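One-letter residues, chain by chain:
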Amino acid sequence: MTGSPAHDAASDAPSDAAGRVWTGMRLLVLERHDRRREVVEATGLSFIRVKALRRIAGGPLSMRELAAGLSTDKPYTTLVVDDLERRGLIERTVHPTDRRQRMLAATAQGLRVARTAREILDNPPDFLRNLPPADLAALDRVITALVDADHAAE
């Protein structure tokens with residue numbers, strides 16, 4: 001498949017179809033249209049802090065739940081949470097049934113910052129918006145099936 005973006009991306013591009021698709025998706029999402037930098041610039045937060053804030057904005061979480069959701073260890077999660085709290089984006093409260101635990105909740109300002117990040121991350125690039133409707137529908141079906149299959153494997 002010489003000439004494809006995935007093939008041109010690296011000299012060692014995979015020769016199998018699944019490998020080419022994966023390389024192409026990574027190239028498009030993480031290299032050519034990576035929205036993380038835009039989110040960092042718009043929010044003034046590192047991307048891991050944005051990820052943490054977006055999770056907390058989805059509903060109160062314990063520190064343990066946040067660390068698991070971010071795949072980070074407890075000390076690093078504490079550093080992230082301390083910074084978000086210092087910036088007034090989240091607040092810690094006592095867990096309603098276990099006074100030893102702290103719950104994390106987004107403040108109004110934190111919800112606004114999380115919404116800004118979501119709007120940037122959810123905005124597809126023009127090349128995707130400009131696909132013919134039939135191609136976009138086919139891609140939607142395939143991506144939905146992949147996400148569903150991955151979710152079922154968890």
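Predicted, not measured: the structure shown is a model, and the values here were computed from it.

(A) The arrangement of the overall build of the chain in detail. A count of helices and strands for the chain gives nine helices and three strands. Starting at the N terminus and ending at the C terminus, the chain contains elements arranged as α-α-α-α-β-α-α-β-β-α-α-α. Relative to the compact-globule value of 15 Å for 154 residues, the chain shows a C-alpha radius of gyration of 19 Å, a clear excess of over 25%. Over its C-alpha atoms, taken along the principal directions, the chain stretches across nearly 60 × 30 × 30 Å. Taken across its 154 residues, the chain has 29% of its residues classed as buried. Carbon and sulfur atoms form 54% of the exposed surface of the chain, whose accessible area is close to 10,300 Å².

(B) Broad picture of the pairing of strand β3 (residues 102-106). Of all five residues in β3, four are buried, a share of seventy percent or more. Of the pairings in the sheet, the one linking strand β1 (residues 61-62) to β3 comprises two bridges and is antiparallel in character. Pairing of leucine 61 across the sheet is with leucine 104, part of β3. The sheet contact formed by strand β2 (residues 90-94) and β3 spans five bridges and is antiparallel. When the sheet's bridge partners are listed, valine 94 is paired in β3 with arginine 102.

(C) Structural view of the packing of helix α5 (residues 63-70) against helix α6 (residues 74-86). Running from N to C, α5 and α6 point in directions that differ by 105 degrees, and their axes come no closer than 10 Å. Classed by the angle they form, the pair α5 and α6 counts as roughly perpendicular. Along its contact with α5, which presents Met63, Arg64, Leu66 and Ala67, the element α6 presents Lys74, Thr77, Thr78 and Val81.

(D) Region of interest: the sheet that holds β2. Read from one edge to the other, the open sheet built from three strands follows the order β1-β3-β2, with strand pairing classed as antiparallel. Either end of the sheet is taken by a strand with one partner, and the two such strands are β1 and β2. Taken strand by strand, α6 contacts β2 and β3, and its axis lies near 110 degrees from that of β2.

(E) Region of interest: the packing of helix α4 (residues 47-57) against α5. Contact geometry of α4 with α5 gives a least axis separation of 10 Å together with a crossing angle of 125 degrees. Taken together, the axes of α4 and α5 are oblique relative to one another. Considering how the two elements wind past one another, α4 and α5 form a crossing that is right-handed. Across the interface between the two elements, Ile48, Lys51, Ala52, Arg55 and Ile56 of α4 pack against Leu66, Gly69 and Leu70 of α5.

(F) Expanded view of the pattern of salt bridges. Evaluated as defined, the whole model comprises eight salt bridges. Overlapping salt bridges bring together Arg49, Asp83, Arg86 and Arg87 as one network.

(G) Broad picture of helix α7 (residues 108-121). Counted at 1.5 Å a residue, the expected span for α7 with its 14 residues is 20 Å, and the 20 Å between its end C-alpha atoms agrees. Buried within α7 we find Gly110, Val113, Ala114, Ala117 and Ile120. The arc enclosing the buried residues of α7, seen along the axis, measures out at 120 degrees, which places them on a common side.

(H) Highlighting the nonpolar core. Among the nonpolar cores identified, the biggest contains 22 residues, and Leu45, Leu53, Ile56, Leu66, Leu84, Ile90 and Leu104 are the most heavily contacted of them. Broken down by secondary-structure element, the contributors of at least two residues to this core are α4, α5, α6, β3 and α7. Of the residues forming this core, the biggest block, five residues, is contributed by α4.

Conventions and cut-offs
- Residues numbered from 1 in each chain as written.
- Predicted model: local features only at pLDDT ≥ 70, side-chain atom pairs only at ≥ 80, totals over all residues.
- Heavy atoms only, no water.
- Helix = DSSP H or I, 4+ residues; strand = E, 2+ residues; numbered from the N terminus.
- Rg over C-alpha atoms; globule rule 2.2 N^0.38 Å.
- Buried < 20%, exposed > 50% of the residue type's maximum accessible area, 1.4 Å probe, protein only.
- Areas by Shrake-Rupley, 256 points an atom, 1.4 Å probe, with all protein chains shown as cover.
- Pairing = 2+ DSSP bridges.
- Axes fitted to C-alpha atoms, helices over the stretch in contact; angles between N-to-C directions.
- Parallel < 35°, antiparallel > 145°, perpendicular 65-115°, else oblique.
- Contact = heavy atoms within 4.5 Å.
- Left-handed = near helix turned anticlockwise from the far one by under 90°.
- Salt bridge = Lys/Arg side-chain N within 4 Å of Asp/Glu carboxyl O.
- Expected span 1.5 Å × (residues − 1).
- Arc of directions from axis to C-beta.
- Core = buried A, V, L, I, M, F, W, Y, C linked by side-chain atoms within 4.5 Å.

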